[in-house]
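Now for the letters of each chain:
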Amino acid sequence: LYVGDEAEKQALLLGEPELFFSTPDYNGFPLVMLRLERVDATRLEELVTDAWRMRAPALLAADLDDRA
């Protein structure tokens, strides 16, 4: 999952190590991996949507906001 920055990455890794992890290949990148078997569908939807919003063009993100 894409996260906003290194601070957010560290917060997820330290705050919820049962869900989030990383590997040396991801050092320096605002990305975390997720243990899918330990996350429920609602939380997964939230995480994927948040990651998408950070990378999506503004017009597409606004369109999603309009639908909500």
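Since this is a predicted model, take the numbers as computed values, not measurements. (Residues numbered from 1 in each chain as written. Predicted model: local features only at pLDDT ≥ 70, side-chain atom pairs only at ≥ 80, totals over all residues. Heavy atoms only, no water.)

Some points on the overall build of the chain
Moving on, step 1. When helices and strands are counted, the chain shows 3 helices and 2 strands.
Moving on, step 2. Helices and strands in the chain line up, N terminus first, as α-β-β-α-α.
Moving on, step 3. In terms of its C-alpha atoms, the chain occupies a principal-axis envelope of roughly 35 × 25 × 15 Å.
Moving on, step 4. Burial statistics for the chain: of 68 residues in total, 21% are counted as buried.
Moving on, step 5. Restricting to contacts in the chain with at least 6 residues of sequence separation, those with at least 24 account for 32%.
Moving on, step 6. For the chain, the exposed area adds up to about 4,800 Å²; of that, 57% sits on carbon and sulfur atoms.
Moving on, step 7. Across the chain, the mean location of the 7 positive side-chain charges is 3 Å away from that of the 14 negative side-chain charges. (Helix = DSSP H or I, 4+ residues; strand = E, 2+ residues; numbered from the N terminus. Buried < 20%, exposed > 50% of the residue type's maximum accessible area, 1.4 Å probe, protein only. Contact = heavy atoms within 4.5 Å. Areas by Shrake-Rupley, 256 points an atom, 1.4 Å probe, with all protein chains shown as cover. Lys, Arg positive; Asp, Glu negative; His and termini not counted. Charge placed at Lys NZ, Arg CZ, Asp CG, Glu CD.)

Examining helix α2 (residues 41-55)
Moving on, step 1. The terminal C-alpha atoms of α2 lie 21 Å apart, and with 15 residues this matches the ideal 21 Å at 1.5 Å per residue to within 8%.
Moving on, step 2. For α2, the N-terminal capping position is held by D40, with its side-chain oxygen 3.2 Å away from the main-chain nitrogen of T42. (Expected span 1.5 Å × (residues − 1). Polar contact = N/O pair within 3.5 Å; in protein donor to acceptor, adjacent residues only side chain to side chain.)

Some thoughts on the environment of Q10
Moving on, step 1. Position of Q10 among the secondary structure elements: in helix α1 (residues 6-15).
Moving on, step 2. Residues Q10 and P30, spaced 20 residues apart in sequence, show a C-alpha to C-alpha distance of 9.4 Å.

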